[in-house]
Every structure is written in structure tokens, then in C-alpha cells.
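Given next are the chains, with one letter for each unit.
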Amino acid sequence: GDADTAALSVPQREAFVKFWRQNSSKVGEHTRRTATWDNTLADVKWRLDVLAARKGSGAELNEPCAIVELNVALQRGGNDVLRFELDRAQLSRTLDDLDRIESVLSGAVGGDDDDDDGGGGGGD
């Protein structure tokens, strides 16, 4: 039947397996590149800064801020860098948003939370 004509012979299977072992990472990378329609996040760097008040100003220490740098790989080639600062409240809201995103993504792919409560997000 049709199944018999579609089957690979032993030498064909061996050749395919050999090819796959030698090229699977290349095939995977090519598939990832061609299946990605948009820019992708290549790297994230961050640091915390606390600026001291100038002598004689009478001001206290400034509130710390997070400085974030996102390195974006552009679909058309090359990279772009996005830098921004977040104060404590902005950072807190951003982390809450990321927790919600993680929870939705975990639910969409079946999740693998250790606590199996289906709630996602982080605990204290």
C-alpha cells in the first residue's frame, strides 16, 4: 500500500540519522531564524545606582534607581540598544507585570509550577 512506498530503506534511514546528528543544530537555528518574524531580545544588562547628595545641599541620599539595557537583535540584521531607568515604584510595577506575563505563559503551555496550584507567579 501507500505506507510501504513511503517507508525509507535501511540505508536511507541510516543516511538521514547521520545527517541529522551532524546538522540538527544548524537546522534548528535556521528554523528559529526563519520562524521569527520580529526583533528578538538578545541580552539584558542592569545595575542599581544610588546617587549621593552634594555636600552642603542638606539633601538626603537619593532614592536608588535601576538602569536597564536591552540589546535587541533586529530582524533586518544588526542590533539596537534600549536603555532606561526605573525608580522603586516603577520597578515594582514592572516586576508585577512580568509575574503576570509569566503566569499567563505558564498556563498557555501547561505550566510546570512546583506548587501545582495553577496560580503561577512567585511566592514569598
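Engineer: Help me understand the sheet that holds strand E3 (residues 79-86) in this model?
Structural biologist: Hydrogen bonds between backbone groups are what pair the strands of a sheet, and the pairing can be parallel or antiparallel. Judged by pairing direction, the sheet is antiparallel, and its three strands sit side by side in the order E1-E2-E3 without closing on themselves. Edge positions in the sheet fall to strand E1 (40-49) and E3, since each of these pairs with one other strand and no more. Each strand axis lies, on average, 15 degrees off the axis of its neighbour in the sheet, ignoring direction. Both E1 and strand E2 (residues 65-73) contribute to a ladder of nine bridges, which runs antiparallel. Among the inter-strand pairings, Lys45 is bridged to a residue of E2, identified as Glu69.

Engineer: How should I be thinking about the pattern of salt bridges in this particular structure?
Structural biologist: Side chains that carry opposite charge are capable of pairing whenever their charged atoms lie near each other. Per the stated rule, a full pass over the model turns up three salt bridges. For Arg47, the salt bridge identified is with Asp49, shortest N-O distance 3.0 Å. The partner of Glu69 in a salt bridge is Arg83, and the shortest N-O contact between them spans 2.8 Å. Placement of Glu69 in strand E2 and of Arg83 in strand E3 is noted, with a sequence separation of 14 residues between them. A relative accessible area of 22% means that Glu69 is categorised as partly exposed. Residue Arg83 is classed as exposed on the basis of its relative accessible area, which comes to 58%.

Calculation notes
Residues numbered from 1 in each chain as written. Predicted model: local features only at pLDDT ≥ 70, side-chain atom pairs only at ≥ 80, totals over all residues. Heavy atoms only, no water. Pairing = 2+ DSSP bridges. Helix = DSSP H or I, 4+ residues; strand = E, 2+ residues; numbered from the N terminus. Axes fitted to C-alpha atoms, helices over the stretch in contact; angles between N-to-C directions. Salt bridge = Lys/Arg side-chain N within 4 Å of Asp/Glu carboxyl O. Buried < 20%, exposed > 50% of the residue type's maximum accessible area, 1.4 Å probe, protein only.

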